[in-house]
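# Coordinate analysis (summary)
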Amino acid sequence: MIGAGPNGLAAAIVLAEAGLQVDVFEAEPQPGGAARTLELTLPGFLHDFGSAVHPLAVGSPFFSSLPLASYGLKWIHAPSTLAHPFDEGAAIALDRDFSSNDVALRKDGKAWRRLMVPFAANWPALSREVLRPIHLFSRHPYLLARFGLSALPSANALSRFLFREERTKALFAGLAAHSFLSLDEPLSAGFGVLLGAAAHAVGWPIPQGGAQSITNALIGHLTNLGAKITTSARVENLRDLPASDVTLCDVTPRQLLRMAPDRLSAGYRRQLEKFRYGPGTFKVDYALSSPIPWKARECLGAATVHLGGSAAEITASEAVVRSGEHPDRPFVLLAQPSLFDPTRAPEGEHVAWAYCHVPHGSKFDMLERLERQIERFAPGFRDIVLARRVFSPGALEEKDANLIGGDIGGGALDLRQFAFRPTWRHYATSARDLYLCSASTPPGAGVHGMCGYHAARSALSRLNK
């Protein structure tokens, strides 16, 4: 197993549970990939290198089947799943309880329920259906068809059809913008619907101690199954590995091409060379002297805050990025976990991170624009910053080789790469004993382990033939 990120560890667990002896090789000194927690600014301030809030981890069909709580994983739920502030000092908070949302969503309360209840109420079935490759035969055809009808349109088209309040349209736009797509592109609605349904079904919790707690729990279970994990062991060429029955790679197509120069057919290499990466990410980690001074009190009740203003503003920001430019008012995603987990910072002090989307591989410094957006909704924010660590797209890739050009999604997830990711083979390659299991395979990005789970199942199926 190459790579000890969530997908690599998930794949290793599936193989170990099947009775195979598994060896995991991780390039970095600390396992976890994007699910690591590190002192990135000052001593005692624990920052999540990647995702800090984990709806798809707590709602993962595979992770939910594992005894991760026995290895110390504890979930913390903030009062609200997320907050979305506006210029007038008000904010809309998304709560797990639909009754609470009815008040916040005003005229759109019933429309929101009609959209989200069928999926939230059937989350175990929905997550198993959508967190996998596209398939023709489903155990829940009506549920999947209903989701498809909501997920395939653009976010703006679905929002205009369903909602009347500008506040609700902005809330949904923020959810959909996690897609890295333009909100006028097909499929962008799917991200908003899936993340919204997860908010009601399982919440958007944070793991106590940071994302590293997820990694540590997976490793605890894996090593208990007899697997061996070697860190600081970067694999440059698969020929350097010991002999094995099967090799799974939690890497992106570009890396696999470098690692397996003589293992792949010419046709398969050409297919991988056509794989496209998505926009980049500009991220800043903060050590703070106090909680963020939000104008809207609702923001203090959520671990996630979406900073973008109206749906029109968020749409404009994401469209600019998709066109290869840098938005003046970027849509900013901010996480503030220490409000609800005091283990993350010294007493009375806090951590936060914020990121925005930028063109792939961008070298433009977005710090001023990003912090201007935070100050817009939290005047005085800069006054409480003790230290900051800036990650350009290139710096992110240096810290995690899978983040090509700052793409945290493992490759563009638009219509062209939705059905065949990274090729029609999905996890299999042209080499019978070699598989891909990264976010460049279905179902794509997120700390859910389902790419690794399905890849390992595919490998086991071939081994058992």
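Quick caveat: nothing in here was measured; it's all calculated off a predicted structure.

Grouped together as the largest cluster of nonpolar side chains are 94 residues, with contacts concentrated most on F63, W112, F172 and L248. Per-element accounting of this core gives the leading share, 8 residues, to helix α1 (residues 6–17). Residues in contact with F63, not counting those within four places in the same chain, are P6, A10, A57, L68, L218, V447, H448 and G449. Residues I292, C356, M366 and F377 belong to the second largest nonpolar core, which totals 28 residues.

Neither face of strand β6 (residues 91–94) is open: one carries A91 and A93, the other I92 and L94, and all of them are buried. As paired strands, strand β5 (residues 82–85) and β6 are joined by 4 bridges and run antiparallel to one another. Bridging from a neighbouring strand, H84 pairs with I92 of β6. The hairpin formed by β5 and β6 contains 5 residues between the paired strands, and G89 there has a positive phi angle of roughly 95°.

Turning to the environment of L272, a few remarks are in order. Among the structural elements, L272 can be located in helix α13 (residues 266–273). The buried category is assigned to L272, whose relative accessible area is 2%. In this structure, the C-alpha to C-alpha distance between L272 and L187, residues 85 residues apart in sequence, is 23 Å. Beyond its immediate chain neighbours, meaning those up to four positions away, L272 contacts P253, L256, L257, L264, P422 and T423.

What counts and how
Residues numbered from 1 in each chain as written. Predicted model: local features only at pLDDT ≥ 70, side-chain atom pairs only at ≥ 80, totals over all residues. Heavy atoms only, no water. Core = buried A, V, L, I, M, F, W, Y, C linked by side-chain atoms within 4.5 Å. Buried < 20%, exposed > 50% of the residue type's maximum accessible area, 1.4 Å probe, protein only. Helix = DSSP H or I, 4+ residues; strand = E, 2+ residues; numbered from the N terminus. Contact = heavy atoms within 4.5 Å. Pairing = 2+ DSSP bridges.

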